[in-house]
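Residues per chain, in single letters:
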Amino acid sequence: MTDDPLPAEHLSPLATLVDEVLAGVGYEVAAATDAINDAVPGYGGLFDPETTPAELRRALESLLASGLTRPPVPEPTSDTFVLYVDGSSRGNPGPAGAGAVIMDAAEDELARLGRPVGSRTGNNTAEYVALQLGLSELVARYEPRTLEVRIDSMTVIRDVWGGDDPTEPGVETYSEAVTAALASIPEHQYTHLADSDPNPADALATVGADIAAFGPG
């Protein structure tokens, strides 16, 4: 990818803790949610309104202190992959999240990834983060030779595959990380998704935005 640190969008301390747990399990949303729910006392959980911010913070800190392990990596059918990505921002700018789904050539799901991006972040930034998230995990887990990226953001498409300079302020480092990841994949192309096309990454981006909306805790 790149040796330069990726920029950090603003998140509340509570959302930052959730993002750290997500990172510890490879941004696998289901694995992170299950671990957090198990760590919260009683019947509460990550999105349970009965769970207080203090209870959630203690559960998150306990998880991080105990150490986290990534789930097993499923075996793909070949070195050909499909990657769905999506970013979501409420208010644009507002609480924003990124989602990505990695599939093999048979379009069986291998990973469902998500993370919060920022508490007051634009949709274009969230789209860049979604693509960077999906690519970074794909190349970390597998050795892809052929990749189809399915994405609805023409802004990101024009930059990454069209050669345009990024128009969104502050996304240059994300764009460089995406370019570096794609350079390691011999064959890659994009498919532009229309608004009416199904995108399994959309729900994961929404979860990320939900986390980005958390208060300070």
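Because the structure is a prediction, the values reported are computed rather than measured.

The rules we used
Residues numbered from 1 in each chain as written. Predicted model: local features only at pLDDT ≥ 70, side-chain atom pairs only at ≥ 80, totals over all residues. Heavy atoms only, no water. Patch = residues over 30% accessible without salt bridge, like charges linked within 9 Å, V, L, I, M, F, W, Y side chains within 5 Å. Areas by Shrake-Rupley, 256 points an atom, 1.4 Å probe, with all protein chains shown as cover. Salt bridge = Lys/Arg side-chain N within 4 Å of Asp/Glu carboxyl O. Lys, Arg positive; Asp, Glu negative; His and termini not counted. Charge placed at Lys NZ, Arg CZ, Asp CG, Glu CD. Helix = DSSP H or I, 4+ residues; strand = E, 2+ residues; numbered from the N terminus. Pairing = 2+ DSSP bridges. Axes fitted to C-alpha atoms, helices over the stretch in contact; angles between N-to-C directions. Contact = heavy atoms within 4.5 Å. Expected span 1.5 Å × (residues − 1). Buried < 20%, exposed > 50% of the residue type's maximum accessible area, 1.4 Å probe, protein only. Arc of directions from axis to C-beta. 1 Å grid on protein atoms, 1.4 Å probe; cavity = no way out; pocket = protein on both sides within 12 Å on 5 of 7 lines; lining within 4 Å. Points joined across faces, edges and corners; volume = space filled by probe spheres on them. Nonpolar A, V, L, I, M, F, W, Y, C, P; charged D, E, K, R; others polar. Phe/Tyr/Trp six-rings, centres within 6.5 Å; stacked < 30°, edge-to-face > 60°.

Peer 1: Talk me through a negative patch on the surface; I want residue IDs and the actual numbers.
Peer 2: Where like charges cluster on the molecular surface, the negative patch consists of Asp 164, Asp 165, Glu 172 and Glu 176. Within the fold, Glu 176 resides in helix H6 (residues 172–183).

Peer 1: Requested: an account of the sheet that holds strand S1 (residues 80–89), with residues and values cited.
Peer 2: Here we have five strands laid out as an open sheet, ordered S3-S2-S1-S4-S5, and mixed in their pairing. Each end of this open sheet is capped by a strand with a single partner; those strands are strand S3 (109–121) and strand S5 (187–192). Mean inter-strand twist for the sheet, computed between neighbouring axes without regard to direction, equals 20 degrees. Against the sheet, helix H7 (residues 201–212) makes contact with S1, strand S2 (94–104) and S3, and its axis sits at roughly 145 degrees relative to S2, the strand it touches most.

Peer 1: I'd like to hear about H7, residue by residue, with values.
Peer 2: In this model, H7 (twelve residues) spans 17 Å end to end at C-alpha, consistent with the 16 Å of a helix rising 1.5 Å per residue. Every buried residue belonging to H7 is among Ala 201, Leu 204, Ala 205, Gly 208, Ala 209, Ile 211 and Ala 212, and all of these are buried. Along the long axis of H7, the arc covered by the buried residues comes to 160 degrees, so they all point the same way. On its buried face, H7 is in contact with helix H1 (13–24), helix H2 (29–39), S1, S2 and S3.

Peer 1: Tell me about empty space enclosed by the protein, and name the residues and values.
Peer 2: Going through the model one piece at a time under the given rule, you end up with one cavity of 30 Å³ or more. Taken as a whole, the largest cavity encloses approximately 50 Å³ of empty space. Taken together, Val 18, Leu 22, Val 29, Ala 32, Thr 33, Ile 36, Leu 46, Gly 114, Arg 115, Val 207, Gly 208 and Ile 211 form the lining of the largest cavity. Ranked by residue count, the leading element in the lining of the largest cavity is H2, at four residues. Of the residues belonging to the lining of the largest cavity, the class tally is eight nonpolar, three polar and one charged.

Peer 1: Tell me about the packing of aromatic side chains, residues and numbers included.
Peer 2: What the rule picks out here adds up to three aromatic pairs. With a centroid separation of 5.1 Å and an interplanar angle of 35 degrees, the aromatic rings of Phe 81 and Tyr 142 are classed as tilted. Residue Phe 81 is located in strand S1, and its partner Tyr 142 is located in the loop between helix H4 (123–141) and strand S4 (146–151); the two are separated by 61 residues in the primary sequence. Across the pair, exposure class does not vary: Phe 81 and Tyr 142 are buried alike. Consider the rings of Trp 161 and Tyr 190, whose centres lie 5.3 Å apart with planes at 45 degrees: the pair is tilted. Taken together, the residues span a long stretch of sequence, with Trp 161 in the loop between helix H5 (154–160) and H6 and Tyr 190 in strand S5 at a distance of 29 residues. According to the relative accessible area criterion, Trp 161 is partly exposed, its value standing at 22%.

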